[in-house]
Amino acid sequence: MKVLITGATGFVGSFLSEHLLNEGHQVIAIGRGPRHSLVQNDFFSYISADPTKPGSWQDQIPSADAIINLAGKNIFHYWTESSKQAMVASRIETTKNLVAAISDSQTPILVSASAIGYYGDRGEEHLTETSGSGDDYLANLSLDWEKEAQRAEGKGARVALLRFSIVLGRQGGALAKMLPAFRFFAGGPLGSGRQWFSWIHINDLVSIVELILKNREMAGPFNICAPQPVRNRDYAAALGKALGRPSFLRVPSFAIKTLMGELGGVMLGSQRCFPEKLQAFNFKFQFPDIETALADLVF
C-alpha cells in the first residue's frame, strides 16, 4: 500500500512511518523539517513542505492508496492569539489542502487526526464515540478539524477520524515531558488529581492505524485510548512506582493556570473515554492498563 503521511516528522508520525515500512508499505512523508531520519529506506520518500499552503507536495496525493493526516501544531505551550491561529491553520488548512487534491477517480482511505479534546471537560461522564462535543476552544477546533476531513467522503474516500488521547511512548510526547520531574523526586498529580486521564501506548496506536487501513468497514470517529482510563492521581502513582520514585508533590491548580493560562484549564479537565468502536471491531490491546504500559516504557 502506498501511504502518504502529513506531520511525518512528529513523535507519532515518525513512529508510524517506521512501523508501516516494517510492514512492507511504501511511505511518502510530508513535513516542515529539512530532512527525516528514514531517508535511507528504499520504500520511503520525504518532501519538505508547508502543508498549510497549496504546492507541488499535493501532486503525490492522487497516487496514494491511503492518506494519514497527522499535521497539527503542538498545543502544549502558553496560548496567545497568534499561537492559536497557528494551531488552527496547521489543522484546518492542511486538511483542506489534502481533500482538495484527492482526484475524482481516486478512492483512498483518509485517516485524519483529531483529539479527545473534542469532548471538552466532562467530569465523570462515560465518553464514547457517540458522545456529543464540548464547547471550549479545543472542542470547537477538533469539531472543525473533523468536518474538514469528512468533506473527503464527497470524493468517494473512506474517512476515519482518530480522536487521540494522551500518547505514551519512549521517544517523545507527554511521557518524555513528565519523566524529568518524577526522576528528580518532584512528580505528582495535577490539581486535585481526581480528573480522568485517558491514554494510549504508542504501539497500540500504530496497530490501530494498521487495522483501520486494512478493514474497509472502519470509518467515522474512533476514540484512540486504552480501555482503562485512570484518574490523574493514579497515573502519577503508577509512574512513580515504575520509576521507584515518590509521587506526592501535587501541583496546585492555581499554579497550573497561572503558568499555562488557558491551556492550564484544559490540563485540569477530565475526559473519561472508552474505545467502544475499536472493541466492536475486536481490536486487542497489547497494553490495556497503565501499569503494563509504563512497565514497558519506563526503564
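Quick caveat, the model's predicted, so the values are computed rather than measured.

A. Main features of the sheet that holds strand E11 (residues 220-224). The seven strands lie next to each other as E3-E2-E1-E4-E5-E7-E11, forming an open sheet whose pairing is parallel. With partners counted over all chains shown, the strands left at the sheet margins are strand E3 (44-48) and E11, one partner each. Along the sheet, successive strands turn relative to each other by an average axial angle of 20°, direction set aside. Its contacts with the sheet put helix H2 (residues 81-101) on strand E1 (2-6), strand E4 (66-69) and strand E5 (109-115), and the angle it makes with E4 is roughly 170°.

B. Local environment of the pairing of E11. Among the five residues in E11, five count as buried, and that is most of the element. Sheet analysis places strand E7 (residues 158-164) next to E11, joined by five bridges and oriented parallel. From the neighbouring strand, Arg163 faces E11, where its bridge partner is Asn223.

C. Expanded view of the environment of Gly10. Take Gly10: it is sitting in the loop between E1 and helix H1 (11-22). Here the alpha-carbon distance between Gly10 and Gly33, two residues 23 residues apart in the chain, equals 9.7 Å.

D. Up close: the pattern of salt bridges. In the structure shown here, the tally under the stated rule is 10 salt bridges. A salt bridge links Arg32 to Asp50; the nearest nitrogen and oxygen atoms lie 3.0 Å apart. Pair noted here: Arg32 is in the loop between strand E2 (26-31) and E3 and Asp50 is in the loop between E3 and E4, with a separation of 18 residues, a long-range link. The class for Arg32 is exposed, based on a relative accessible area of 54%. Judged by its relative accessible area of 23%, Asp50 is partly exposed. Two residues, Arg122 and Glu125, come together in a salt bridge whose shortest N-O distance is 3.0 Å. If you follow the salt bridges from partner to partner, you end up with Arg32, Asp50 and Lys53 in one network.

E. Geometry of the nonpolar core. Counting 45 residues, the largest nonpolar core has Ile5, Ile68, Leu205, Ile212 and Ile224 as its most contacted members. Of all the elements, helix H5 (residues 202-214) adds the most residues to this core, at seven residues. Counting residues in hydrophobic clusters, the runner-up holds 19 residues, among them Leu175, Ile290, Leu294 and Val298.

F. Local environment of the packing of H1 against H5. Axis separation between H1 and H5 bottoms out at 10 Å; the angle between their running directions is 60°. On the basis of the axis angle, H1 is oblique to H5. The element H1 and its partner H5 pack so that their crossing is right-handed. Between H1 and H5, the residues in contact are Phe11, Val12, Phe15, Leu16, His19 and Leu20 and Ile202, Asn203, Leu205, Val206, Val209, Glu210 and Leu213, respectively. Class assignment of the residues belonging to the contact of H1 with H5 gives a composition of 10 nonpolar, two polar and one charged.

G. Quick look at helix H4 (residues 173-183). Those residues of H4 that sit buried are Ala174, Leu175, Leu179 and Phe182. Taken end-on, H4 shows its buried residues confined to a sector of 130°, consistent with a single buried face. At its buried positions, H4 is contacted by strand E8 (166-168), helix H6 (232-243) and helix H10 (290-297). A positive backbone phi angle near 65° is found at Phe185, which sits one or two residues after H4.

H. Quick look at the environment of Val159. Of note, Val159 is situated in strand E7. With relative accessibility at 1%, the residue Val159 sits in the buried group. In this structure, the C-alpha to C-alpha distance between Val159 and Glu129, residues 30 residues apart in sequence, is 15 Å. In contact with Val159, other than residues within four places in its own chain, are Leu110, Ala149, Gln150, Ala152, Glu153, Ala219 and Gly220.

Parameters and conventions
- Residues numbered from 1 in each chain as written.
- Predicted model: local features only at pLDDT ≥ 70, side-chain atom pairs only at ≥ 80, totals over all residues.
- Heavy atoms only, no water.
- Pairing = 2+ DSSP bridges.
- Helix = DSSP H or I, 4+ residues; strand = E, 2+ residues; numbered from the N terminus.
- Axes fitted to C-alpha atoms, helices over the stretch in contact; angles between N-to-C directions.
- Contact = heavy atoms within 4.5 Å.
- Buried < 20%, exposed > 50% of the residue type's maximum accessible area, 1.4 Å probe, protein only.
- Salt bridge = Lys/Arg side-chain N within 4 Å of Asp/Glu carboxyl O.
- Core = buried A, V, L, I, M, F, W, Y, C linked by side-chain atoms within 4.5 Å.
- Parallel < 35°, antiparallel > 145°, perpendicular 65-115°, else oblique.
- Left-handed = near helix turned anticlockwise from the far one by under 90°.
- Nonpolar A, V, L, I, M, F, W, Y, C, P; charged D, E, K, R; others polar.
- Arc of directions from axis to C-beta.

These figures capture arrangement, not role.
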